[in-house]
Amino acid sequence: FTVTLSSLKFYIDGTPTKSLNLKKGYTYYFHLSDSSTNIHPFFIGTSSGGGNYNSEYTSGVTNSRTTTGTLTFVVPSDSPTILYYNCGNHSGMGGTITVQ
């Protein structure tokens, strides 16, 4: 997925706060190479809040909180069915991840 930012919303492949459907056992890449994400640490969480890392989900995640790299997510078999992608600095920027 290509992650960019506009109007304090994460865009996934050009769609703002896009809902994602991911499958257990699969590997997903979130590419944050656009300069718009430079001060917006991207992470996966168990709540939709953002603005802090209180709900950060790290199982299967490599390079969490990245601003200019690639976050890799190998969805574990025991993953919650609902997760969220968020910004560590601001609330309300992310979207929902449904895990199947």
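Visitor: How do you make sense of the pairing of strand β5 (residues 27-31) when you look at a structure like this?
Guide: Within a regular strand, side chains alternate between the sheet's two faces. Burial of β5 is one-sided: the residues Tyr-28 and Phe-30 facing one way are buried, the residues Thr-27, Tyr-29 and His-31 facing the other way are not. When β5 meets strand β8 (residues 70-74), the two strands line up antiparallel, connected through 5 bridges. Its bridge partner being in β8, His-31 is matched across the sheet by Thr-70.

Visitor: Please clarify how the environment of Thr-70 should be interpreted in this entry.
Guide: Relative to the elements of secondary structure, Thr-70 occurs in strand β8. Among the residues examined, Thr-70 registers a relative accessible area of 28% and is labelled partly exposed. With near-sequence residues (within four places) excluded, Thr-70 lies in contact with Tyr-29, Phe-30, His-31, Thr-62 and Asn-63. At 3.1 Å, the side chain of Thr-70 forms a polar contact with the side chain of His-31.

Visitor: Would you mind showing me how to read unusual backbone geometry here?
Guide: Glycine aside, negative phi is the norm for most residues, and most peptide bonds take the trans geometry. The backbone of Ser-7 shows a phi angle near 50 degrees, a positive value even though the residue is not glycine. Judged by relative accessible area, Ser-7 falls into the exposed class, the value being 66%. For Asp-13, which is not glycine, the phi dihedral falls at a positive 50 degrees. By the element assignment, Asp-13 lies in the loop between β2 (9-12) and β3 (15-16).

Visitor: Any chance you could explain the pattern of salt bridges here in plain terms?
Guide: Two side chains of opposite charge can pair, provided their charged atoms sit close to one another. Tallying each qualifying case throughout the model produces 1 salt bridge. The salt bridge involving Glu-56 is made with Arg-65; its shortest N-O contact spans 2.7 Å. You can call Glu-56 partly exposed: its relative accessible area is 21%.

Visitor: Can you help me understand the sheet that holds strand β10 (residues 95-99) in this one?
Guide: What holds strands together in a sheet is hydrogen bonding between their backbones, with the strands either parallel or antiparallel. Overall, mixed pairing links the 4 strands, which are arranged β4-β10-β9-β6 in an open sheet. At either end of the open sheet lies a strand with only one pairing partner, and these are β4 (20-22) and β6 (42-45). Averaged over all pairs of adjacent strands, the angle between strand axes in this sheet comes to 25 degrees, irrespective of strand direction. Relative to β10, strand β9 (residues 82-87) is paired through 4 bridges, and the arrangement is antiparallel. Within the sheet, the bridge partner assigned to Tyr-84 lies in β10 and is Thr-96.

Parameters at a glance
- Residues numbered from 1 in each chain as written.
- Predicted model: local features only at pLDDT ≥ 70, side-chain atom pairs only at ≥ 80, totals over all residues.
- Heavy atoms only, no water.
- Buried < 20%, exposed > 50% of the residue type's maximum accessible area, 1.4 Å probe, protein only.
- Helix = DSSP H or I, 4+ residues; strand = E, 2+ residues; numbered from the N terminus.
- Pairing = 2+ DSSP bridges.
- Contact = heavy atoms within 4.5 Å.
- Polar contact = N/O pair within 3.5 Å; in protein donor to acceptor, adjacent residues only side chain to side chain.
- Salt bridge = Lys/Arg side-chain N within 4 Å of Asp/Glu carboxyl O.
- Axes fitted to C-alpha atoms, helices over the stretch in contact; angles between N-to-C directions.

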